[in-house]
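So the chains spell out like this:
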Amino acid sequence: MNTGALIDWIDARVGLGPLAELAHKKEVPLHRHTIWYYFGGMTLFLFVVQVTTGALLLLYYRPGAESAFESIQFIMTDVQFGWLIRSIHSWSANLMIAALFVHMFSAFFTKAYRSPRELTWVSGALLLFIVLGFGFSGYLLPWNRLAFFATKVGTDIAGTVPLAGGFLLRFLRGGEDVTGATLTRFFGFHVAILPGITTVLLVVHVFLVQKHGMSTPEGIDRTRLRTMRFVPNFLLRDLIGWVLAVGVLAALAAIFPWELGEKADAFASAPAGIRPEWYFLFMFQTLKFIPAKILGVDGEVIGILAFALGGLLWVIVPFIDRIPGTRTSRVFTAAGIVVVLYIIGMTIYGYVG
Amino acid sequence: MADSENSDHKLGQTADNPNGRRRFLDFLLATSAGATLVAIFYPIFRFMSPPKTVEAAQNSVSAGKMSELPVNSGKIFKFGNKPGILVRTQSGDLRAFSAVCTHLECIVQYSSEKKQIWCACHNGQYNLNGQNIGGPPPRPLEEYVVNTHGDDIIVSKA
Amino acid sequence: MSQDQELPPAHFSKSITHRNLARTVATDRADFGVLSDEPETTGPLSSVTRPSTRRSSASRSSTSRSSRRLARIISLSIVLPLLTLGLFGLCYGQKKDSCVECHSQMEGELLEPVTHSKDDIHFSRGLSCSSCHGGDPTQDDPTSAMNKGKGFVGKPAPKDIPNFCGKCHSNADFMKKFNPSLRVDQQKEYLTSVHGKLLESGDQKVATCISCHGVHGIRGVKDAQALVYPLNVADTCGKCHSNAEYMAGYSIPHDQFANYKASVHARALYERQDLSAPTCNSCHGNHGAAPPGLASVANVCGQCHVRQSELFQASVHKTAFDTMQVGECKQCHSNHKIVPPGDFMIGTAEGSVCTSCHIEGDGGYVAARQIRGMIDNLSGRMDSAMAVLGKAERAGMEVSRPKFELSDATNSLTNARVLVHSFSVDEVEKVIKPGLETADRSEKAGNAALADLTFRRKGLGVSLFFILFVAVLIYIKVRQLESRHPGAESKPN
């Protein structure tokens, strides 16, 4: 097959010029922090895995309190390779969020958010929240006991937000309690609403990355910088990583299949030691540490507001830390290290404590 | 460039035949990439092909067929992970209950002579509304909802 | 000056002085019919009703006519309310009952009927002491109250108690007024019982109505504190039947209660509070209490254990056991100390009940061994299926459906254990077969899951090999590309 002729044919109709230029021109700087450049692509790749396995699961999954659990049981037992697709979907969700954290913090510490890349950072921060939403909504879909109570606790916490808490709780739950209505709603979020928002944000994010090119961390001597062509060199290296990721996912799915658990029962009591998935654990653990009342206000509310404030600050980082080399700059780096250590510490404590 | 004195069988094994090596590598890459893609798409393809049992067993079960359940008879069927009893009464009505006796959890049966549900373990008796009317059982049997879909009898939770 | 009649304050109970009454009782205890002829000077209202004797006719003058009228008015307006109050106060708002009035002043045995009357079902229905004991409760004087002429019976002797209670309880017309659905043949039944027969022959030690129902604080059967409430029956019977001294003259053992307490029935009744579990009267009867005949045991047990009873009575053992007079079910399961049965009871090994009659080589011996073999076989196959499924589950495979299907086999096993009572190898085999099939299917499913697991691991191994191979090749390709085109890495400008 003459690929050249095919490409010409398409080019005549679609215009592959800009794409070709990107392929030729895009370069990746080579320095001691180059390795972190891989994680954006890894996150994207794992997202593609999620979309693919998710779409496949949609062929058999049935949302609804009376059918969700059974349909996943069906996928795990009767559908050919259903166990593989489902376990990959569950594992890849976790790996994706892990890759996302690495990508995000590496961008933070290398201060890639500096002008003109502020919007890249903002869109990325919003993507963080959306992805956490994917995780939270997807976790409920098997309708098992752990998920049921995790959702109950999580939405309870959302309900403590002052003023809007009541509305927020009902909006999330589709009612006052966690019921089949919550499941249907979460399903809608997970397969339609969040993917729609993600598409928009991702397009913006990736476009901006291509527009501005890869950022170079400060402290790297730009005059003596070596670079590498994105196509095919960096991309092939990316590909190695992605292929290995597939291997890791396959191994995890085969050796540590994702549990199904017991079907949710609204009248049963919560299982002991209930806790959320690891990516929420540090917040959960923090809330547990906060005293019941601080200056007359509910400790939980203080915690929620603190995290909300933290989230907001996180989004607007590029607008505060603008000038390199200043004290602000160093403060932000230090703060970032504290945040990372805090998250890791709290997560470990959440498991061990 | 040294002369290509090597035979073509040993592609890729000479330091001075970069073209051959490259072609060998490409060949190897292509075939193994192809194999990997097959290893990825084969399960996906099998996944998408419908399995033998077409649907998940839900909280709605096909308990049997009307044509196979004579009047004044009962049958035990699987409901979720518990047994259920499906009864077709003398007048042709369909009733379904949990078949787990409320006394000591033996499995009940239908008695066509007495037209009642009966537990063999300690002579517990239930009427056709599931109410415990004789013997040790302290509570009625849980009743299920019965619907028919053509010849199929579908039982679901109340 | 007119002398207004001064009324002493109305002494109510105090006017019955202890001394007074004690004297009466002391002299009349032996003979209730004779009462002393003391004038009624000690009645409660005697001080009020006693006519005034103070006034002499000489003191009557015309001026005292109006004061006499005034006095009359005053005395009536004081006396009448006091009279009414007095009546109310004394008679507890109901009709007068001198029995209760007098006996509540006494001590010990004589006080006991009164203290128990508040729990008594007869009292709560409006009956009283005289309803059973006769006499006249309107009379304060013990002699008139406890007058044989007025039907007073006093404390009946044990041999008279069935008639004493039966006076009402065997009278359908009378009982209809209180509880139309209550049976009225208890006395008749009692006469057929061992207790009844012994009582007729003169044995006063046996149980009569009051031995089980109590004598004065008789509670209804449904009252949880009644001596005959299901949870209390065994203790009530045991009061006599476990007392070695009391039962010394009789030819029956006295360990029934202790044995019963060690049984499954007692466990169901006392621990699980299952009131449908049998206690003494369930098998022996209430009023017609007697051990069931040796040839009727299966019928009695069959009240609840219907299937086992039917199977047994249709089996060869029925005639054999009855001929040998070994009490049917009792022969293998005991009568009072009925412990949870187990597979160990069947067969020819140590601990089996079959070998108590059957010897090596006879038909029953062979059948017992075969039946036990079949049950053990099914039990064993179920266990191995469970083990395989457990292994698969722990390895992460989804096996909840085969596990559920295996519970079907449990049904077969339970069924087989019931069918043992047919003592027929063929019958047992009939129910064992489906169980074996189910167990085999489940084990197959478990093995399939384990095989699937191996397949997955192998598939993973193969895939990983290719994946790693591809990764390495890409890497080599990259190196190759870069060595060929050193310009791929641009130098700094």
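Our subject is the structure listed above.
Residues numbered from 1 in each chain as written. Chains lettered and ligands numbered in written order. Predicted model: local features only at pLDDT ≥ 70, side-chain atom pairs only at ≥ 80, totals over all residues. Heavy atoms only, no water.

1. Examining the sheet that holds strand E7 (residues 124-126) of chain B
Residue and element names in this part refer to chain B. On the basis of which strands lie adjacent, the open sheet formed by 4 strands has the order E5-E6-E7-E8 and antiparallel pairing. The sheet terminates laterally at strand E5 (109-111) and strand E8 (132-134), the two strands that pair on one side only. When the angles between neighbouring strand axes are averaged without regard to direction, this sheet yields 40 degrees. Across 2 bridges, the pairing between E7 and E8 is antiparallel. Bridge assignment links Tyr126 to a residue of E8, and that residue is Asn132. (Pairing = 2+ DSSP bridges. Helix = DSSP H or I, 4+ residues; strand = E, 2+ residues; numbered from the N terminus. Axes fitted to C-alpha atoms, helices over the stretch in contact; angles between N-to-C directions.)

2. So, helix H5 (residues 82-109) of chain A
Across its 28 residues, H5(A) extends 40 Å between first and last C-alpha, which sits within 8% of the 40 Å expected from 1.5 Å per residue. Just downstream of H5(A) lies A:Lys111, where phi reads positive at about 50 degrees. (Expected span 1.5 Å × (residues − 1).)

3. Comments concerning the environment of A:Tyr351
Residue and element names in this part refer to chain A. Along the polypeptide, Tyr351 turns up in helix H14 (residues 327-352). Considered as a pair, Tyr351 and Arg275 are 76 residues apart in the sequence and their alpha carbons are 8.9 Å apart. Contacts of Tyr351, omitting those with residues within four sequence positions, involve Arg275, Trp278 and Leu281. (Contact = heavy atoms within 4.5 Å.)

4. Overview of a nonpolar patch on the surface
Residue and element names in this part refer to chain A. A cluster of nonpolar side chains, contributed by Leu309, Leu312, Leu313, Ile316, Phe319 and Ile320, occupies part of the molecular surface with about 520 Å² of accessible area. Those elements that place two or more of their residues in the nonpolar patch are helix H12 (299-315) and helix H13 (317-320). Take the nonpolar patch: its biggest share by element is 3 residues, from H12. Within the element layout of this structure, Leu313 appears in helix H12. With relative accessibility at 43%, the residue Leu313 sits in the partly exposed group. (Patch = residues over 30% accessible without salt bridge, like charges linked within 9 Å, V, L, I, M, F, W, Y side chains within 5 Å. Areas by Shrake-Rupley, 256 points an atom, 1.4 Å probe, with all protein chains shown as cover. Salt bridge = Lys/Arg side-chain N within 4 Å of Asp/Glu carboxyl O. Buried < 20%, exposed > 50% of the residue type's maximum accessible area, 1.4 Å probe, protein only.)

5. Examining the interface of chain A and chain C
On the side of chain C, 26 residues touch chain A, which itself brings 31 residues to the contact. Here chain A and chain C share an interface that buries about 2,300 Å² over both sides, 64% of which is from carbon and sulfur atoms. Linking chain A to chain C there are 1 salt bridge. Its salt-bridge partner being C:Glu482, residue A:Arg237 comes within 2.6 Å of it at the nearest N-O pair. Here chain A is connected to chain C by 2 residue pairs in polar contact (both at pLDDT 80 or more). Only strand E1 (27-30), helix H4 (68-77), strand E2 (226-229) and helix H10 (230-255) of chain A provide two or more residues apiece to the side of chain A that touches chain C. In terms of residue count, the dominant contributor to the side of chain A that touches chain C is H10(A) (14 residues). (Buried area = accessible area lost by both parts, 1.4 Å probe. Polar contact = N/O pair within 3.5 Å; in protein donor to acceptor, adjacent residues only side chain to side chain.)

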